[in-house]
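Here is how the chains run, residue by residue.
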Amino acid sequence: MAFISSGYNPDKPMEGRITDIGPKKYDQFYPPVIAANKGKWLYHEILEPGVLVHVSETGDEVYTVRVGTCRLMSVTLLREAMAIADKHCDGYLRFTTRNNIEFMVDSKDKVEPLKNDLMSRKHAGGSYKFPVGGTGAGITNCVHTQGWVHCHTPATDASGTVKASMDAVFSDFQNMRLPAKLRLSMACCLNMCGAVHCSDIAILGYHRKPPMIDNEYLDKMCEIPLAVAACPTAAIKPVKVEIDGKKLNTVSVNENRCMYCGNCYTMCPSMPLADTEGDGLVIMAGGKISNRKCAPKFSKVVVAFIPNEPPRWPSLTAQIKKIVEAYASDARKYERLGEWAERIGWERFFEKCEIEFTHHLIDDFRDAAYYTWRQTTNFKF
Ligand code: SF4
Ligand code: SF4
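Each residue is numbered by its place in its chain's sequence as written, counting from 1. Each chain takes a letter, starting from A, and each ligand takes a number, starting from 1, following the order in which they are written. With pLDDT at 70 or above as the cut-off, local features in this predicted model cover only qualifying residues; side-chain atom pairs require 80 or more to be listed or tallied, and sums for whole chains, interfaces and linings still use all residues. Hydrogens are left out, water is left out, and the side-chain values use all remaining heavy atoms of the structure.

1. Some words on the overall build of the protein
Then comes step 1: When you go through the protein residue by residue, the secondary structure sums to 13 helices and eleven strands.
Then comes step 2: C-alpha extents for the protein along the principal axes are approximately 80 × 65 × 60 Å.
Then comes step 3: Each residue's exposure class comes from its accessible area (1.4 Å probe, protein chains only) as a fraction of the maximum for that residue type: buried when under 20%, exposed when over 50%, partly exposed otherwise. Taken across its 381 residues, the protein has 43% of its residues classed as buried. Helix and strand definitions follow DSSP, with helices as H or I runs of at least four residues and strands as E runs of at least two, each counted in order from the N terminus.

2. A short note on the sheet that holds strand β7 (residues 201-206)
Then comes step 1: What makes two strands pair is DSSP finding at least two bridges between them. Taken in spatial order, the four strands make up an open sheet running β6-β7-β10-β11, and their pairing is mixed. Across the chains shown, the open sheet's two edge strands, defined by having one partner strand only, are β6 (184-187) and β11 (300-307). The sheet shows a mean angle of 20° between the axes of neighbouring strands, taken without regard to direction.
Then comes step 2: Both β7 and strand β10 (residues 280-285) contribute to a ladder of six bridges, which runs antiparallel. Bridge pairing in β10 links Ile-201 to Ala-285. Note on definitions: angles span 0 to 180 degrees between N-to-C directions of axes, and those axes are lines fitted to C-alpha atoms, for helices only across the stretch in contact.

3. A look at the site of ligand 2
Then comes step 1: Around ligand 2, a shell composed of 13 residues is seen, among which Cys-231, Cys-258, Cys-261, Gly-262 and Cys-264 lie nearest.
Then comes step 2: Each residue is assigned to one class: nonpolar for Ala, Val, Leu, Ile, Met, Phe, Trp, Tyr, Cys and Pro, charged for Asp, Glu, Lys and Arg, and polar for all the others, Gly among them. By residue class, the composition of the shell around ligand 2 is ten nonpolar, three polar and no charged. Any residue with a heavy atom lying within 4 Å of a molecule or strand is counted as near it.

4. Digging into unusual backbone geometry
Then comes step 1: Pro-310 connects to Pro-311 through a cis peptide bond whose omega is 10°.
Then comes step 2: Among the structural elements, Pro-311 can be located in the loop between β11 and α10 (314-330).
Then comes step 3: The residue Ala-234 is not glycine, and still its phi comes out positive at about 55°.
Then comes step 4: Its place among the elements puts Ala-234 in the loop between α8 (224-230) and β8 (236-243).
Then comes step 5: Here Trp-313, not a glycine, exhibits a phi torsion of approximately 45°, which is positive.
Then comes step 6: Within the secondary structure, Trp-313 is located in the loop between β11 and α10.
Then comes step 7: Under the relative-accessibility criterion, Trp-313 is labelled buried at 2%.

5. Observations regarding the site of ligand 1
Then comes step 1: As a matter of local geometry, ligand 1 sits amid Thr-145, Gln-146, Cys-151, Thr-153, Pro-154, Cys-188, Cys-189, Asn-191, Met-192 and Cys-193.
Then comes step 2: Of the residues that constitute the shell around ligand 1, the class distribution is six nonpolar, four polar and no charged.

6. Details of the pattern of salt bridges
Then comes step 1: One side-chain nitrogen of Lys or Arg within 4 Å of one carboxyl oxygen of Asp or Glu is enough to make a salt bridge. Using the criterion set out here, one finds 24 salt bridges in the structure.
Then comes step 2: One salt bridge in this structure joins Asp-200 and Arg-336, with 2.8 Å as the shortest N-O distance. Linking Asp-200 in the loop between β6 and β7 with Arg-336 in the loop between α10 and α11 (337-344), this pair joins segments that are 136 residues apart in sequence. The same class applies to Asp-200 and to Arg-336, which are both buried.
Then comes step 3: Residues joined by salt bridges that share partners form a network here, namely Glu-80, Lys-87, Asp-117, Arg-121 and Lys-129.

7. Overview of the side chain of Asp-172
Then comes step 1: Assignment of secondary structure puts Asp-172 in helix α6 (residues 170-174).
Then comes step 2: Sequence-distant contacts of Asp-172, defined by excluding residues within four places in its chain, comprise Gly-138, Ile-139, Arg-177, Leu-178 and Val-324. Residues count as neighbours in contact if any of their non-hydrogen atoms are within 4.5 Å of one another.

8. Quick look at the pairing of strand β5 (residues 100-105)
Then comes step 1: Most of β5 sits out of view: six of its six residues are buried.
Then comes step 2: Side chains Asn-100, Glu-102 and Met-104 of β5 all project onto a buried face; the interleaved residues Ile-101, Phe-103 and Val-105 project onto the opposite face, where all are buried too.
Then comes step 3: Where strand β3 (residues 61-68) meets β5, six bridges bridge the pair, whose relative direction is antiparallel. Within β5, the position partnered with Thr-64 by the bridge is Met-104.
Then comes step 4: In the sheet, strand β4 (residues 94-95) pairs with β5 via two bridges, with the strands oriented antiparallel.

9. Structural notes on the packing of helix α5 (residues 159-168) against α10
Then comes step 1: In contact at an axis separation of 9 Å, α5 and α10 are set at 40° when each is read in the N-to-C sense. When the axes of α5 and α10 are compared, the pair comes out oblique. Considering how the two elements wind past one another, α5 and α10 form a crossing that is right-handed. Across the interface between the two elements, Thr-161, Ala-164, Ser-165 and Ala-168 from α5 touch Leu-316, Thr-317, Ile-320 and Lys-321 from α10.
Then comes step 2: Counted by class, the contact of α5 with α10 contains four nonpolar, three polar and one charged residues. For this classification, under 35 degrees means roughly parallel, over 145 means roughly antiparallel, 65 to 115 means roughly perpendicular, and everything else is oblique. Crossings are assigned a handedness: left-handed for a near helix turned anticlockwise from the far helix by less than a right angle, right-handed for a clockwise turn.

10. Points about the nonpolar core
Then comes step 1: Take the buried Ala, Val, Leu, Ile, Met, Phe, Trp, Tyr and Cys residues and link them wherever side-chain atoms come within 4.5 Å; each set so joined is a nonpolar core. Counting 40 residues, the largest nonpolar core has Leu-182, Ile-201, Ile-283, Val-302, Leu-337, Trp-340 and Phe-349 as its most contacted members.
Then comes step 2: Of all the secondary-structure elements, those providing two or more residues to this core are α5, β6, β7, β10, β11, α10, α11 and α12 (346-352).
Then comes step 3: Of all the elements, α10 adds the most residues to this core, at six residues.
Then comes step 4: Those residues within four positions of Ile-283 in sequence are excluded, and the remaining contacts are Ile-201, Ala-202, Lys-300, Val-301, Val-302, Val-303, Ile-306, Leu-316, Gln-319, Ile-320 and Ile-323.
Then comes step 5: Core analysis: the next-biggest nonpolar cluster, separate from the first, contains 21 residues, Val-55, Cys-89, Leu-93 and Phe-130 among them.

Written out as structure tokens, the structure reads:
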């Protein structure tokens with residue numbers, strides 16, 4: 001009742017709301033045809049790669065043109081997307097969870113001009129600004145993290161690895177030849193802001209060396225209890241050292257316990273762990289979040305290390321291409337990559353994708369959580 005005495009009315013929670021914290025309520029941004037047909041949609045179809053139609057029981061139709069984006073967008077590119085929405089879609093657009101933009105129009109005759117406009121816009125280097133595609137049994141846009149542009153703990157770049165990988169599989173963004181949808185994702189350290197644990201193919205940045213400790217600055221810059229508490233494996237302890245006759249409060253790292261996650265660096269900038277030889281990439285495969293056919297699956301590590309090779313990461317993109325081609329030619333229709341690997345056996349998966357199996361790929365979790373945790377909405381009684 002404290003709420004009521006402070007003026008909050010639980011029956012009308014939005015009444016007189018003056019806060020500007022958080023995004024505005026989503027339904028303010030519905031295109032009129034979406035708002036008018038909420039709860040009335042009958043079915044949808046993919047008319048061609050990148051173009052969908054949704055049909056309502058009222059007879060209304062919505063045509064959606066999906067385009068890939070680079071996710072970390074410049075203001076200039078964002079303004080261009082807004083201008084396209086103003087020109088063709090009465091100012092409305094939406095972003096999907098994998099960073100595609102969807103432009104929606106309410107009649108079929110508006111689709112071709114919109115598509116032609118989108119495909120005619122190119123960057124100075126020749127690549128499409130708004131490539132149409134990413135629907136159905138193909139590869140949609142790659143969800144990814146901040147990379148070298150913005151975050152402090154990456155073991156590799158996000159935008160660079162994703163651009164190179166999506167260039168390698170671009171034809172599968174534009175057509176729907178695969179047995180089922182294939183989701184690519186990327187996270188640039190194992191804190192995993194991207195969905196790499198549950199995507200068909202995932203790229204993961206990976207450090208292989210423990211943090212370096214700058215004792216002098218650590219004493220001045222860091223709150224030592226925070227750095228100690230940040231470590232998930234309890235590898236950090238406070239110590240005192242003496243340098244040039246000065247007594248310093250600092251930390252030491254038990255390297256055998258360290259799993260190179262970079263959490264301590266988040267708390268304490270005097271513990272960097274980026275390293276040219278140590279840092280690189282892992283490829284994971286076989287994850288999914290859908291309940292169709294079988295329960296959702298976690299991705300498994302299939303390539304334990306690929307060195308960083310900016311700006312085009314050729315070893316990474318060649319391996320991804322091999323996995324996609326093996327899946328395209330061998331899987332059955334509607335079979336996701338992980339389902340295919342389990343049907344033929346992971347040994348055959350490694351053969352068909354031309355991946356060497358090493359001891360680094362053996363799952364050595366001490367606890368059988370993978371088998372015991374309830375991970376799905378597929379209930380078994
Ligand atoms: Fe930063 Fe790691 Fe997230 Fe990449 S995955 S943005 S390095 S926290
Ligand atoms: Fe602990 Fe991670 Fe830092 Fe290693 S990198 S010391 S595991 S917080």
